[in-house]
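# Descriptive analysis of the structure
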Amino acid sequence: MRERFLLFCAAALLCALPMSSRAQEHSLGSLASATSLPNGIRIQASSGGVEQIVALRGDIIRVRAAATATLPEDASWAVAETTRKSSVPVEREDTASTVGFRTGAVHVSVARADLRLTVRSNHGRILFAESAPLSFDGSSFRISETMPADEHYFGLGDKAGPLDRRNRAFTLWNTDSYRYQESTDPLYKSIPFFLTFRKGHAAGLFLDNTWRSSFDFGKASATSYSFGAAGGPVNYYILAGPTPHQVIEAYAWLTGKPPLPPRWMLGFQQSRYSYTPQSRLMEIATRLRADRIPADALYLDIDFQDRNRPFTIDTKTFPDMPGALAKLHKMGFHVVAITDLHIAKVPGYAPYDSGIAGDHFVHNPDGSVYIGSVWPGPSAFPDFTQASTRVWWGTLYKNFVNIGFDGFWNDMNEPSVFDSPTGTMPLDVVHRIDEPGMAKRTATHAEIHNVYGMENSRATYDGLRALEPIVRPFVLTRASYAGGQRYAATWTGDNSSTWNHLRMTTPMIESLGLSGFSFTGADVGGFAGSATPDLLTKWLEVAAFQPIDRDHTEKGSANQEPWVGGIAQENIRRSFIEERYRLMPYLYTLAEESASKGLPMVRPLFLDYPTAARDGHPLDLDNGAEFLLGHDLLVAPAPYPEAPDDYTVEFPTAAWYDFWTGARVPQPAPVDPPPNAPPAATALVPLHTQVHPTLGNLPVYVRAGSILPMQPLVQSTGETPHGPLTLRVYAGDDCRGSLYTDDGQSFAYQRGDFLRMSFTCSVTPHGIAIHVSQHEGSYIPWWKSLRVEVYGFTPARQAVLVDGKQSPTTAVQHGDRYVAVTVPDSAAGTSIEIQ
């Protein structure tokens, strides 16, 4: 909903420059003394500065430094105090030229001469090696690291362009970026975390600094990369890995995991700016049900409000909002309302009056309330760094919750300000930090800007928890900071209805997932402009396999609902949305994995298959369109989705099946050796296949050895499926799968009211055996029986053994490329052998 680009201030450009281009830089100097700590080392520098390096865990090292003799306050919006104070014992390790220590996972060494830091794995692999001493220039600082020629860099959250950050530079400063493109930077979120990846090994680095920061991955230098900030503390964490999974899980341990969302978040969502009046909203809902397009959520953008004022309803266009919401609930819909953070400066408008009375708005330097113009006109902005203000903000949702809204959308929270030359608050606007665990003080917007959107979504999430303690909140935020995944899902912002934006979507969602935000999506079909029928169809196909599937567009654009463009297009779109609902048990299991481990639902190939490479580089660099949905599904849209050209799909391992047909992907022929080469020179070609793109086809593949849980088709996640739970078994090595479910809406799972199952399969001398574990948890599912479909296996006989006994009543059914049996699901577990 953005209407112009941000103008960049001179300070932003300065912060992006390497330190060598600035005049007054200085380092800490050399080692003056080193003091052992139980979990690390404290260094006094010859310049009078100080550096402290400690081990929070064997694989997580924290580095803090200051140009003065005292470290700044130990405080963080991203990392909890209990986590920051975690500790493991270390062993001091000094040499003639270095001081340092070691843990069970890493060796830490600091050069005596210039205090350059090097961190190695316990196998000697260099994780990070400073190429120059830490530099200060006034309030800013910069850290430079050696950059191996074959190392790749991933992360930073909300960034456009290729997934690999190498050879590019980035600024982190939350920015309203309407119609952004591949080269646009910065964007909406600031997540100063990245992974390094080299020869199958990964490490991570998180700079916990909320000021404007910058990262240069080899643009200024071919042999080093650097990062720094315009102000604030030198405070960063090194995550040793060595697998990408371990790095991501360590980052989640630091900054938190996303809460388990309500199941309906995973359903199809229909939105636009705006569905108004009330009759139009009901028309959309009725058409979705009449055309049997499964859907779970409808969105209301700002036009439902009275004069764009948050927490109001325009009763002229929505004369009976409670009645409309009640009817939509009966139809199986959830409704999400936008609640921007700007509060109109209008005496008599309740949120403004209560905000003034409670002193809940940010101030100008002279102590007056800061006012900026946004959608309602002149507006005040809540001071979310005050705990009391966040509580007040949460109470504003009471009426909306009471009348039946199900979720809330925090937009414009970079914050975007229309009448400011920088597009946001002036840097000298004053915030007041009054937060448990932090020193009570004031801070300028230069420090708080990047964390402002996160604290907005935090206030919303906590407020909803207080209003409805047993209901899982759904909050969607546009701006955030590291750790913001604890409070909200997100999306990629105001994209455009172009083929290039469809192509850009996958690496953006992957990057956000690597940076903590598993629950994310794009505006399907594009926000700015009007999608062609073919573009909308292809976008809906891909989005069916991404965490949030929300069709959304701007005011003034063409209609963008699934039926637009004719019955042929609608049928294709419906079929992919239907498949999403059949996969709901798999999707919800992945969502729980995100909530329990921090692993993203959508993943680049290197995350799960780090040894899969071409010429030593991750396969993701060769075809950035491919992505994983969990460990077992590989989705392979065309690299250039509008092009008619055939393209190659590359697989990270040797055996995969076509999801749609069940056929095993054929092995390519071996490469013939050159003349006179020994027989051993014959090389196996990595698994790949050629695809001819068509409008109604999206290649999706399943790992051989997968067991996918699926369900009968429903029209919403609130509808109970009828029939058995299906387990699709794809014969192969490492054959396994799992399922997690619960009531999908409450926190009862935290008290044990959930169901967890695991599945394995193995080939026996007599056939194939499938083992279903006993039920873990007290939740009783909707199914009573299991339909087990086995692909890639043809039985020689028609015998079925259930729990080791012949089952003459269990028939083997033959389908297209599979055999199936249906058996009762026992809470004690079940073993099935098809002979």
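### Considering unusual backbone geometry
- With an omega of 5°, the peptide bond between Asp-185 and Pro-186 qualifies as cis.
- Here Pro-186 shows up in the loop between strand 13 (169-172) and strand 14 (189-190).
- At Asn-167, a position not held by glycine, the phi torsion is positive, near 70°.
- With respect to the secondary-structure elements, Asn-167 resides in the loop between strand 12 (152-155) and strand 13.
- The phi dihedral of Arg-179 is positive, around 60°, even though this residue is not glycine.

### Topic: helix 6 (residues 350-357)
- Among the residues of helix 6, those classed as buried are Pro-351, Tyr-352 and Gly-355. Taken end-on, helix 6 shows its buried residues confined to a sector of 100°, consistent with a single buried face. Within helix 6, the exposed residues directed more than 90 degrees away from the buried face are Ala-350 and Ala-357.
- Looking at the buried side of helix 6, the elements it contacts are strand 23 (343-344), strand 25 (377-380) and helix 7 (387-395).
- Residue Asp-359 follows helix 6 closely and has a positive phi angle near 55°.

### Here's the deal with the nonpolar core
- Among the nonpolar cores identified, the biggest contains 185 residues, and Phe-206, Phe-304, Trp-393, Phe-405 and Phe-545 are the most heavily contacted of them.
- Ranked by the residues each element gives to this core, the list is headed by helix 9 (residues 445-467), at 7 residues.
- Filtering out sequence-adjacent residues up to four positions away, Trp-393 remains in contact with Phe-311, Thr-339, Asp-340, Leu-341, Ile-343, Pro-382, Phe-384, Asn-456, Ala-459 and Thr-460.
- Membership of the second largest hydrophobic core comes to 42 residues, among which are Val-110, Leu-117, Leu-172 and Phe-217.

### Description of the confidence of the model for the chain
- In the predicted model, the chain carries a mean pLDDT of 94, and 95% of its residues have values of at least 70.
- By mean pLDDT, helix 1 (residues 10-15) is the weakest element of the chain at 37, and strand 20 (residues 268-270) is the strongest at 99.
- Overall, residues 1-23 carries pLDDT values under 50, and its contacts beyond four positions in sequence, including any with other chains, amount to 65 contacts.
- Across residues 680-684, confidence stays below pLDDT 50; counting only partners more than four residues off in sequence or on other chains, it has 7 contacts.

### Structural notes on empty space enclosed by the protein
- A complete count under the given rule lists 6 cavities of 30 Å³ or more for this structure.
- Considering only enclosed or pocket space, the largest cavity measures out at about 120 Å³ in volume.
- Forming the boundary of the largest cavity are 16 residues, of which Pro-259, Pro-261, Pro-473, Tyr-487 and Ala-489 lie nearest the centre.
- Looking at side-chain class alone, the lining of the largest cavity contains 14 nonpolar, 1 polar and 1 charged residues.

### Structural notes on the packing of helix 10 (residues 499-514) against helix 11 (residues 533-543)
- As a packed pair, helix 10 and helix 11 sit with axes 10 Å apart at the nearest point and diverge in direction by 10°. With respect to each other, helix 10 and helix 11 are oriented roughly parallel. Listed contacts from helix 11 to Trp-499, His-501, Leu-502 and Thr-505 of helix 10 are Asp-534, Leu-535, Lys-538 and Trp-539.
- Taken together, the residues of the contact of helix 10 with helix 11 break down into 4 nonpolar, 2 polar and 2 charged.

### What about the state of the cysteines?
- Enumeration according to the criterion identifies 1 disulfide in this entry.
- The disulfide that involves Cys-735 links it to Cys-761, with 1.9 Å between the sulfurs. In this structure the cystine formed by Cys-735 and Cys-761 twists about its S-S bond by roughly 110°; its chirality is therefore right-handed. Linking Cys-735 in the loop between strand 45 (725-730) and strand 46 (736-741) with Cys-761 in strand 47 (residues 755-763), this pair joins segments that are 26 residues apart in sequence. The residues Cys-735 and Cys-761 share a single accessibility class, namely buried.

### Brief notes about the environment of Thr-389
- Within the secondary structure, Thr-389 sits in helix 7.
- The contact partners of Thr-389, leaving out residues within four places of it in the chain, are His-360, Pro-382, Asp-383 and Phe-384.

The rules behind the values
- The residue numbers shown here count from 1 along each chain, following its written sequence.
- The predicted nature of this model means local features are confined to residues of pLDDT at least 70 and side-chain atom pairs, given and counted, to a pLDDT of 80 or more, with totals for whole chains, interfaces and linings taken over all residues.
- Note: side-chain values were computed over all heavy atoms of the structure, leaving out hydrogens and water.
- Numbered from the N terminus, helices here are DSSP runs of H or I no shorter than four residues, and strands are runs of E no shorter than two.
- In this scheme, a residue with accessible area under 20% of its type's maximum is buried, one over 50% is exposed, and one in between is partly exposed, where area comes from a 1.4 Å probe on protein chains only.
- The arc refers to the directions leading from the helix axis to the C-beta atoms.
- Note on contacts: a residue pair is in contact if any heavy atoms of the two residues lie within 4.5 Å.
- Put simply, a nonpolar core is a bunch of buried Ala, Val, Leu, Ile, Met, Phe, Trp, Tyr and Cys residues held in one set by side-chain atoms that sit within 4.5 Å of each other.
- Summary of the metric used: pLDDT quantifies the predictor's per-residue confidence within the range 0 to 100.
- The method works on a 1 Å grid over the protein atoms by themselves. A cavity is a set of points holding a 1.4 Å probe that cannot get out, a pocket is an open set with protein on both sides within 12 Å along at least five of seven lines, and residues with an atom within 4 Å of a point line them.
- Grid points are joined across faces, edges and corners, and a volume is the space filled by probe spheres set on the points.
- The classification used treats Ala, Val, Leu, Ile, Met, Phe, Trp, Tyr, Cys and Pro as nonpolar, Asp, Glu, Lys and Arg as charged, and all other residues, Gly among them, as polar.
- To define axes, lines are fitted to C-alpha atoms, for helices over the stretch in contact only, and angles between the resulting N-to-C directions are given on a 0 to 180 degree scale.
- Working definition: roughly parallel below 35 degrees, roughly antiparallel above 145 degrees, roughly perpendicular at 65 to 115 degrees, and oblique for all remaining angles.
- To count as a disulfide, a pair of cysteine sulfur atoms needs to be within 2.5 Å.

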